[in-house]
Amino acid sequence: MITINENYLKLQDSYLFSTIAKKVAEFTKNNPDKKIIKLGIGDVTRPIIPAVCDAMHKAIDEMSDIKTFRGYGPEQGYDFLREKIVEFDYKKRGIDISIDEIFVSDGAKCDTGNIGEIFGIDNIIAITDPVYPVYLDTNIMAGRTGTYDKEKDQYEGVVYIPATCENGFVPELPTKKVDMIYLCFPNNPTGTVLTKDQLAKWVEYAKENKSIILFDSAYEAFITEQDVPHSIYEIEGAKEVAIEFRSFSKTAGFTGVRCAYTVVPKELKAYTEKGEEVSLNKLWNRRQCTKFNGVPYITQRAAEAVYTELGQEQIKENINYYLENAKIILEGLKEAGYEVFGGKNAPYIWLKVPKGYTSWEFFDYLLEKANVVGTPGVGFGPSGEGYFRLTAFGSRENTIEAIERIKGITV
Ligand code: PLP
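In this report, we go over the structure that sits alongside the text. (Residues numbered from 1 in each chain as written. Predicted model: local features only at pLDDT ≥ 70, side-chain atom pairs only at ≥ 80, totals over all residues. Heavy atoms only, no water.)

## Observations regarding the pattern of salt bridges
At step 1: Within the structure shown, the criterion is met by 18 salt bridges.
At step 2: As a salt-bridge pair, Lys67 and Asp65 come within 3.8 Å of each other at their nearest N and O atoms.
At step 3: In this structure, the salt-bridge partner of Glu304 is Arg301, at a minimum N-O distance of 2.8 Å. In this pair, Glu304 and Arg301 both sit in helix 10 (residues 297-305), 3 residues apart, roughly one turn of the helix.
At step 4: One network of salt bridges, with partners in common, ties together Asp89, Glu220, Glu244 and Arg246. (Salt bridge = Lys/Arg side-chain N within 4 Å of Asp/Glu carboxyl O. Helix = DSSP H or I, 4+ residues; strand = E, 2+ residues; numbered from the N terminus.)

Right under this line is the structure:
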């Protein structure tokens with residue numbers, strides 16, 4: 001008799017975006033004349049920049065010529081792209097990363113999900129709360145958690161580290177020993193960041209406890225403030241304790257093109273049950289070579305073009321466009337009397353819902369009164385209850401109109 005991985009049965013239905021879609025569909029059916037503005041889902045809207053499109057066209061031409069056609073590429077990514085990553089994302093910031101520490105992939109979602117495969121099942125995981133749901137769900141699937149406690153809205157065996165306005169969105173170090181620590185900064189959903197000193201405390205903790213930090217910096221390109229680390233490797237000693245995930249999705253509008261990379265430094269070690277050291281770089285390389293056949297050549301040429309002078313100029317234009325939207329949302333909501341966070345180093349604005357409302361009640365209120373769609377904070381973890389996320393990825397026109405509408409309704 002064929003059996004299943006029963007860990008999947010522990011998963012709560014991910015009803016967040018489907019519930020939002022259902023509510024919006026019902027509202028539209030009952031109010032066909034109302035124009036809804038969606039500032040909910042974290043997907044980009046600006047098109048791929050010309051420098052990238054040109055590089056893709058050129059790569060397609062190469063693929064159609066017998067002399068330059070390419071089949072399977074290296075599982076770790078082509079050197080032309082890995083070299084650019086090393087030079088622009090690391091060397092320019094004074095960080096020494098070598099090319100064979102870079103693993104190009106088709107997404108930070110898959111990488112942050114798949115990375116768990118190289119770690120033992122008994123490791124204790126810690127996640128900041130609220131956070132991007134992939135870290136938790138993939139660990140539930142793997143069997144690294146207990147069952148779901150409905151009352152607490154938490155899984156047994158997982159260490160949740162709240163990041164709320166009470167602690168200034170700076171998660172405190174765990175009091176209990178943890179092994180795998182997921183950090184996402186700039187954070188999705190709160191849009192908040194850590195300073196170098198704040199991040200350094202986590203690196204120190206990981207060193208002392210022989211833990212590993214899984215650092216997701218998918219929104220690194222949105223950082224505008226000084227003293228906010230773009231890479232965890234800006235912190236001394238981080239190469240001994242951290243894996244870093246980066247993506248071209250939000251940096252260069254690649255959500256539909258698909259390209260990302262993961263850095264696994266060679267200094268990074270984990271242990272066998274007997275306490276012998278094992279290189280994580282070697283394990284991840286083995287995993288990728290076995291289960292992954294590389295990112296398409298055309299896509300990697302596209303990603304390479306992001307690092308050209310023109311590419312950098314053009315992606316900055318798009319990022320600034322989104323950051324300007326974020327500013328409009330942030331300032332508009334403040335004027336309307338809301339307590340708001342994030343938005344300065346990230347495309348996300350996190351607001352406290354008015355007293356007396358839950359996240360979902362506020363969702364309904366905003367949809368009904370302002371015809372604006374956002375995301376209830378509780379969808380990102382129990383500490384997200386009482387908060388709401390708006391994204392800066394809409395058009396300028398819609399962003400301005402949405403804020404005007406929100407200002408026009410009194411809660
Ligand atoms: N990491 C975070 C924190 C995200 O918010 C997202 C997407 O929303 C991803 C990773 C996914 O990135 P990718 O498109 O490279 O899979």
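## Regarding the site of the ligand
At step 1: The local shell around the ligand holds 14 residues, among which Asp216, Tyr219, Ser247, Ser249 and Arg258 are the closest.
At step 2: For the ligand, an oxygen atom lies 2.9 Å from a polar atom in the backbone of Lys109.
At step 3: Taking Asp216, its side chain carries an N or O atom lying 2.7 Å from a nitrogen atom of the ligand.
At step 4: When the ligand is considered free in solution it has 400 Å² of accessible area, and contact with the protein chains removes 91% of it.
At step 5: Looking at the shell around the ligand, the elements that each hand over two or more residues are helix 5 (108-114) and helix 8 (248-252).
At step 6: Class assignment of the residues belonging to the shell around the ligand gives a composition of 6 nonpolar, 4 polar and 4 charged. (Near = heavy atom within 4 Å. Polar contact = N/O pair within 3.5 Å; in protein donor to acceptor, adjacent residues only side chain to side chain. Areas by Shrake-Rupley, 256 points an atom, 1.4 Å probe, with all protein chains shown as cover. Nonpolar A, V, L, I, M, F, W, Y, C, P; charged D, E, K, R; others polar.)

## Observations regarding the environment of Pro74
At step 1: Position of Pro74 among the secondary structure elements: in the loop between helix 3 (50-63) and helix 4 (79-90).
At step 2: Between the alpha carbons of Pro74 and Tyr297 there is a distance of 9.8 Å; along the sequence they are 223 residues apart.

## Examining the sheet that holds strand 14 (residues 348-352)
At step 1: Spatial ordering of the open sheet is given by 13-14-17-16, a layout of 4 strands whose pairing is antiparallel. The open sheet is flanked by strand 13 (340-342) and strand 16 (375-376), the only strands paired with a single partner.
At step 2: Sheet analysis places strand 13 next to strand 14, joined by 3 bridges and oriented antiparallel. Across the sheet, residue Val340 finds its bridge partner in strand 14, namely Leu351. (Pairing = 2+ DSSP bridges.)

## Side note on the sheet that holds strand 10 (residues 260-263)
At step 1: One open sheet accounts for 7 strands, arranged 2-10-9-8-7-3-6; its pairing is mixed. Both outer strands of the open sheet, strand 2 (102-105) and strand 6 (159-162), are each paired with one neighbouring strand and no more. Adjacent strand axes in the sheet meet at a mean angle of 20°, parallel and antiparallel pairs treated alike.
At step 2: Alignment of strand 9 (residues 242-247) against strand 10, held across 4 bridges, turns out to be antiparallel. Considered in strand 10, the bridge of Phe245 is made with Thr262.
At step 3: Against the sheet, helix 4 engages strand 2, strand 9 and strand 10, with an angle of about 115° to strand 2.
At step 4: Against the sheet, helix 9 (residues 280-291) contacts strand 2, strand 8 (212-216) and strand 10, and its axis sits at roughly 25° relative to strand 2. (Axes fitted to C-alpha atoms, helices over the stretch in contact; angles between N-to-C directions. Contact = heavy atoms within 4.5 Å.)

## Some details on the packing of aromatic side chains
At step 1: What the rule picks out here adds up to 29 aromatic pairs.
At step 2: A ring pair is formed by Trp350 and Phe380, whose centres lie 6.3 Å apart and whose planes are at 75°; its orientation type is edge-to-face. Within this pair, whereas Trp350 is found in strand 14, its partner Phe380 is found in the loop between strand 16 and strand 17 (387-391), the two being separated by 30 residues in sequence.
At step 3: By relative accessible area, which is 0% here, Trp350 ends up buried. (Phe/Tyr/Trp six-rings, centres within 6.5 Å; stacked < 30°, edge-to-face > 60°. Buried < 20%, exposed > 50% of the residue type's maximum accessible area, 1.4 Å probe, protein only.)

## Some remarks on the side chain of Glu62
At step 1: With respect to the helices and strands, the residue Glu62 is situated in helix 3.
At step 2: No salt bridge is formed by the buried Glu62. Its closest oppositely charged neighbour is Arg70, at 4.3 Å.
At step 3: Once residues within four sequence positions are removed from consideration, Glu62 is found in contact with Thr68, Phe69, Arg70, Tyr297 and Arg301. (Lys, Arg positive; Asp, Glu negative; His and termini not counted.)

## Digging into helix 12 (residues 359-370)
At step 1: For helix 12, with 12 residues, the first-to-last C-alpha span of 16 Å sits near the 16 Å given by 1.5 Å per residue.
At step 2: Within helix 12, burial applies to Ser359, Trp360, Phe362, Phe363, Tyr365, Leu366, Leu367 and Ala370.
At step 3: Looking at the buried positions of helix 12, the neighbouring elements they touch are helix 2 (16-30), strand 14, strand 15 (372-373), strand 16, strand 17 and helix 13 (396-407).
At step 4: The first or second residue beyond helix 12 is Asn371, which carries a positive phi of 55°. (Expected span 1.5 Å × (residues − 1).)

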